[in-house]
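Below, each chain spelled out in residue letters.
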Amino acid sequence: MKKVLISLIALSAFNASAGMESSSKVRFAGDSEYSSFCKAVVNDDLGMLKRSLRSKVGYVAASSNDVLRKLVSSEGMKCNGVDLIQFSEQREASQVSAYLKTKKNA
């Protein structure tokens, strides 16, 4: 339980800062354990996003879908100062954006 609480605190405090340039010029600040979510958006890599979700099962929530719901919630993580869905729209990450929107409403 303590690990989950610590992860949730880290998750809510996470703020990855990613520039709008190419993926090779992206800089991350915050809890690097969650940077893969922002990287998945930058690369529009749905596989990376799903692997990142699975890696947080048991730490953040009991299932990948629950992890995703926590990440995209109002208290969830942010990339470049915005939530994952907005960040994916800004980056025109169509695959990741569509997946996040579908799962958020599920």
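Numbering of residues starts from 1 in each chain and follows the order in which that chain's sequence is written. Only residues with pLDDT of at least 70 get local features here, since the model is predicted, and only at 80 or more are side-chain atom pairs given and counted; chain-wide, interface and lining totals rely on the full set of residues. Side-chain measures here rest on the full set of heavy atoms in the structure, leaving out hydrogens and waters.

One side-chain nitrogen of Lys or Arg within 4 Å of one carboxyl oxygen of Asp or Glu is enough to make a salt bridge. Across all of its chains, the model carries three salt bridges by this definition. Two residues, aspartate 66 and arginine 69, come together in a salt bridge whose shortest N-O distance is 2.8 Å. Here aspartate 66 pairs with arginine 69, and both are found in helix H4 (residues 64–72), just three residues apart, close to one helical turn. The buried label goes to any residue with under 20% of its type's maximum accessible area, the exposed label to any with over 50%, and the partly exposed label to all in between, with areas taken from a 1.4 Å probe on protein chains only. Judged by its relative accessible area of 28%, aspartate 66 falls in the partly exposed class. Overall, the relative accessible area of 36% leaves arginine 69 in the partly exposed class. Here lysine 101 makes a salt bridge to glutamate 89, at a shortest N to O gap of 2.8 Å. Strands here are runs of E lasting at least two residues and helices are runs of H or I lasting at least four, both read from the DSSP assignment and numbered beginning at the N terminus.

This next bit is on the side chain of aspartate 44. Its location among the elements puts aspartate 44 in the loop between helix H2 (35–42) and helix H3 (46–55). Charged-residue counts in this description rest on Lys and Arg as positive and Asp and Glu as negative, His and the chain ends being excluded. Although aspartate 44 lies buried, it forms no salt bridge, and the closest oppositely charged side chain, arginine 91, sits 9.6 Å away as judged by the N-O distance. Contact definition: two residues touch when any of their heavy atoms are within 4.5 Å. Setting aside residues up to four positions removed in sequence, aspartate 44 forms contacts with Glu92, Ala93, Ser94, Gln95 and Val96.

With that settled, consider the nonpolar core. Phe37, Leu49, Leu53, Met77, Leu84 and Leu100 are the most contacted members of the largest nonpolar core, which totals 26 residues. Elements supplying a minimum of two residues to this core: H2, H3, H4, helix H5 (84–90) and helix H6 (94–104). Here this core gets five residues from one element, more than from any other, and that element is H2. We call a set of buried Ala, Val, Leu, Ile, Met, Phe, Trp, Tyr and Cys residues a nonpolar core when their side-chain atoms join them within 4.5 Å.

Here leucine 71 lies in helix H4. Placed 29 residues apart in sequence, leucine 71 and leucine 100 show a C-alpha to C-alpha distance of 9.9 Å.

What follows deals with H3. Note: α-helices contain 3.6 residues per turn, so residues at a spacing of three or four share the same orientation. Here H3 has its buried residues at Leu46, Met48, Leu49, Ser52 and Leu53. Angular distribution of buried residues about the axis of H3 spans 160°; they occupy a single face of the element. Among the structural elements, H2, H4 and H6 are those in contact with the buried residues of H3. In protein, a polar contact requires one atom able to donate a hydrogen and another able to accept it; more generally it is a pair of N or O atoms within 3.5 Å, and residues adjacent in sequence count only if both atoms are side-chain atoms. The N-capping residue of H3, defined by a side-chain oxygen 3.1 Å from the backbone nitrogen of glycine 47, is aspartate 45. As used here, the arc belongs to the directions running from the helix axis to the C-beta atoms.

With that settled, consider H6. All of the buried residues along H6 are Val96, Ser97, Tyr99 and Leu100. In an axial view of H6, the angular spread of the buried residues amounts to 165°, which keeps them on one side of the axis. Contacts from the buried residues of H6 go to H2, H3, H4 and H5.

What follows covers the packing of H2 against H3. Lines fitted to C-alpha atoms define the axes here, with helix axes fitted over just the stretch in contact, and angles between the N-to-C directions of these axes take values from 0 to 180 degrees. Following both chains from N to C, one finds H2 and H3 inclined at 165°, their axes separated by 8 Å at the closest point. Judged on the interaxial angle alone, H3 and H2 are roughly antiparallel. Read as a crossing pair, H2 and H3 show a hand that is left-handed. Between H2 and H3, the contacting residues are Ser36, Phe37, Lys39 and Ala40 on the first element and Met48, Leu49, Ser52 and Leu53 on the second. Residue polarity is assigned by list, with Asp, Glu, Lys and Arg as charged and Ala, Val, Leu, Ile, Met, Phe, Trp, Tyr, Cys and Pro as nonpolar; anything else, Gly included, falls into the polar class. Taken together, the residues of the contact of H2 with H3 sort by class into five nonpolar, two polar and one charged. The labels follow the angle: roughly parallel below 35 degrees, roughly antiparallel above 145, roughly perpendicular from 65 to 115, and oblique for the rest. With the far helix as reference, a near helix turned anticlockwise by less than a right angle produces a left-handed crossing, and one turned clockwise produces a right-handed crossing.

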